[in-house]
Amino acid sequence: MKPQQRSSLTEVQVGALPLELLARLLEPERAARLEAYAEAARGLLGDRVVWNINATASGGGVAEMLLALLAYARGAGVDARWLVLNGDPDFFRTTKRLHNFLHGSLGDEGDLGEREQQHYEAVLAANLEGLTELISPGDLVLLHDPQTAGLVTGIRELGAHVVWRAHIGADMSSRVTEAGWSFLRPYVSAAEAVIFSRAEFVPRWVDPGRVVVIPPSLDPFSPKNRELGPDEVEATLRAAGIVDGDADEAHLDFARRDGSQARVRQHKGVVMGGGMAPDVRYVLQVSRWDRLKDMAGVVTGFAAALDSMPEDVHLVVAGPRPEGVSDDPEGAEVSEECLVTWLELPDRARRRIHLCNVPTDDVDENAHIVNALQRRADLVVQKSVAEGFGLTVTEPMWKARAVLASRVGGIQDQIVHGESGVLLDDPRDLAGFGRAVTTLMRDDGLRARLGAAARERVRDQYLGDRHLIQYVDLFASLLG
Ligand code: UDP
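Summary of the structure given here. Note that the structure is predicted; figures quoted are calculated from it, not measured.

**Considering the overall build of the chain**
- For the chain, the count of helices and strands is 17 helices and 16 strands.
- Taken against the 2.2 N^0.38 rule, which gives 23 Å for 480 residues, the C-alpha radius of gyration of the chain at 22 Å falls within 12% of a compact globule.
- Seen along its three principal axes, the alpha-carbon backbone of the chain occupies a region of about 65 × 50 × 40 Å.
- For the chain, the computed accessible surface area is about 19,000 Å², with 49% contributed by carbon and sulfur atoms.
- Both charge centroids of the chain, one from 52 positive and one from 71 negative side chains, sit 2 Å from each other.

Here it is in structure tokens:
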């Protein structure tokens, strides 16, 4: 297995966003604290660069967060930059296997042996060559997820401070998780600090003195989360072909992340089996096509509950066009499996279930369409069997949607059961899932109450100020 790409890493250009934007949503005391931290960061970091390295520029929660956090950091005067590493299909097959193992799942049941380790190291050694001219002694380097762990030692030898961050993990350790961690342990052990999204994810062998727990956060001003009026939502979903009818041209403009204006294009072929009538209500799951998100289980569970469901309730299951997520080799296969599940349903169920592949060639437009989908949903579900954190839960919560999600990973930190959403104890219990959807769809008042509390929960815990402040505290401890 020879690395196919030996060229340098790709730099993602990130704009700058003023912290005042974020501060507008905060109580004055909280806004002042953020400003004080920004000043401290400028003093602490001086002309050091804060590098972030991951495996994809779009698709998935890590890319989503980097775009936002780096923009605020740059707006605060910190030289934060983002590089995406290069890998070949064998490398990404191995790292997807690691991803599955760390979630406690065997994935494609392939090996994580010496052959895979050698190839993993060879690909990262090639990437390291591209980094030697970029990284200076004293810089801070944040490496994200298993794809980057093998860079730790090489970058430390360049004189930089190196932190490795795991955005994933399992609620309980098992032989499978241990096998994944034993592959990564030599690399991770060399990092000066290791960040996890929750304390339960930390493997026993990690020195507790080097662990920092930092949950993810959401950017309220990104195209994914920005406020949209009902006319914009309707026009967007019609242009995307998800809702039937002509889109009102007057409401198709949207703001890109860099502030420039764009217009939703007219799409065809986004929805299997055609769009929905404008007057239906719908339950939504948006995810990458990853088996651990169990999109096919959502389809089966919903279809089985149709008899007890109000007649105007449909299901939308939406994911990115699989070829749009470069570090996920299983996307196309999982999307296909979901399609087969749908094709095997009786006609009357298929008419009420809509599978969407949202185009990814324009990331801002993709985000805007997902925003509209989430805002128009009557209930959002996330029936993952494992989850690192689940921004697909945070996003609808911020939009004051009622959310029903599995009691796994970071989801259980976000939702207080019965207050800011509903947790499903056993994600494999399709009948229980169907019953919960039915109960929620029959009770408008309950959904409204859960949605309102959900928004406040996100304001309280999961906005960028808390996240940025935790990073500054970590940098201060590393730089002494
Ligand atoms: N997402 C998207 N387009 C899609 C499907 C998903 O932009 O078609 C986004 C979703 O809105 C969220 C991210 O991908 O911001 C998924 O992050 P999450 O933390 O839920 O899970 P991950 O994919 O990182 O496992």
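Once you've had a look at it, read on.
**Observations concerning the pattern of salt bridges**
- Counting across every chain of the model gives 42 salt bridges.
- Between K293 and E387 there is a salt bridge, with its nearest N and O atoms 2.8 Å apart. Pair noted here: K293 is in the loop between β11 (281-286) and α9 (295-304) and E387 is in the loop between β14 (379-382) and α13 (391-398), with a separation of 94 residues, a long-range link. Each member of the pair K293 and E387 is classed as buried.
- Among the charged side chains, a salt-bridge network with shared partners connects K96, R288, D290 and D328.

**So, the site of the ligand**
- Close to the ligand lie 17 residues; G61, K224, R288, K293 and E395 are nearest.
- One of the backbone nitrogen or oxygen atoms of P320 is found 2.9 Å away from an oxygen atom of the ligand.
- In the model, an oxygen atom of the ligand is placed 3.1 Å from a nitrogen or oxygen of the T392 main chain.
- In isolation the ligand has 550 Å² of accessible area, and contact with the protein removes 90% of it.

**Describing the sheet that holds strand β15 (residues 403-406)**
- The strand order across the open sheet built from 7 strands is β10-β13-β12-β11-β14-β15-β16, with neighbouring strands paired in mixed fashion. Strands at the two margins of the open sheet, each flanked by one partner only, are β10 (271-272) and β16 (422-424).
- Where β11 lies against β14, 2 bridges are found, and the strand directions are parallel. Bridging across to β14, V283 finds its partner in L379.

**Focus on the packing of aromatic side chains**
- Throughout the structure, instances matching the rule amount to 10 aromatic pairs.
- On the numbers, 5.6 Å between centres and 10° between planes, the contact of F91 with Y120 is stacked. Placement of the pair is F91 in helix α4 (residues 89-102) and Y120 in helix α5 (residues 114-132), with a sequence separation of 29 residues.
- Looking at F91, the relative accessible area reads 0%, which means it is buried.
- Residue class for Y120 comes out buried when judged on its relative accessible area of 1%.

**Focus: the pairing of β11**
- Among the 6 residues that make up β11, 6 are buried, leaving the element largely enclosed by the rest of the structure.
- Burial along β11 is two-sided: R281, V283 and Q285 facing one way and Y282, L284 and V286 facing the other are all buried.
- Bridge count for β11 against strand β12 (residues 313-320) is 6 bridges, and the pairing is parallel. Residue V283 lies in a different strand from β12, and its bridge partner there is L315.
- Viewed along the sheet, the connection from β11 through α9 into β12 turns out right-handed.

**Structural notes on the packing of helix α2 (residues 28-45) against helix α17 (residues 464-479)**
- Two elements in contact, α2 and α17, have axes whose closest approach is 10 Å; the angle formed by their N-to-C orientations is 35°. By crossing handedness, the relation of α2 to α17 is classed as left-handed. Seen from α2, the contacting residues are R30, R33, L34, Y37, A41, L44 and L45; seen from α17, they are D465, I469, V472, D473, F475, A476 and L479.
- Of the residues in the contact of α2 with α17, the class split is 10 nonpolar, no polar and 4 charged.

**Brief notes about unusual backbone geometry**
- One non-glycine residue, D145, lies in positive phi territory at about 70°.
- Along the chain, D145 turns up in the loop between β4 (140-144) and α6 (152-156).
- With a phi close to 50°, D294 is a non-glycine residue in the positive phi region.
- Counting through the fold element by element, D294 comes out in the loop between β11 and α9.
- On the basis of relative accessibility, which here comes to 16%, the residue D294 falls in the buried class.

**With respect to the sheet that holds strand β2 (residues 49-54)**
- Pairing in this open sheet of 7 strands is mixed, and the strands run β1-β3-β2-β4-β5-β6-β7 from one edge to the other. At either margin of the open sheet sits one strand with a lone partner, and together these are β1 (10-12) and β7 (211-213). Direction aside, neighbouring strands of the sheet carry axes that sit 25° apart on average.
- Here β1 runs beside strand β3 (residues 79-84); their pairing, made up of 3 bridges, is antiparallel. Within β3, the residue paired with V12 across the bridge is W82.

Parameters at a glance
- Residues numbered from 1 in each chain as written.
- Predicted model: local features only at pLDDT ≥ 70, side-chain atom pairs only at ≥ 80, totals over all residues.
- Heavy atoms only, no water.
- Helix = DSSP H or I, 4+ residues; strand = E, 2+ residues; numbered from the N terminus.
- Rg over C-alpha atoms; globule rule 2.2 N^0.38 Å.
- Areas by Shrake-Rupley, 256 points an atom, 1.4 Å probe, with all protein chains shown as cover.
- Lys, Arg positive; Asp, Glu negative; His and termini not counted.
- Charge placed at Lys NZ, Arg CZ, Asp CG, Glu CD.
- Salt bridge = Lys/Arg side-chain N within 4 Å of Asp/Glu carboxyl O.
- Buried < 20%, exposed > 50% of the residue type's maximum accessible area, 1.4 Å probe, protein only.
- Near = heavy atom within 4 Å.
- Polar contact = N/O pair within 3.5 Å; in protein donor to acceptor, adjacent residues only side chain to side chain.
- Pairing = 2+ DSSP bridges.
- Phe/Tyr/Trp six-rings, centres within 6.5 Å; stacked < 30°, edge-to-face > 60°.
- Right-handed = clockwise from strand over helix to strand, strands pointing away.
- Axes fitted to C-alpha atoms, helices over the stretch in contact; angles between N-to-C directions.
- Left-handed = near helix turned anticlockwise from the far one by under 90°.
- Contact = heavy atoms within 4.5 Å.
- Nonpolar A, V, L, I, M, F, W, Y, C, P; charged D, E, K, R; others polar.

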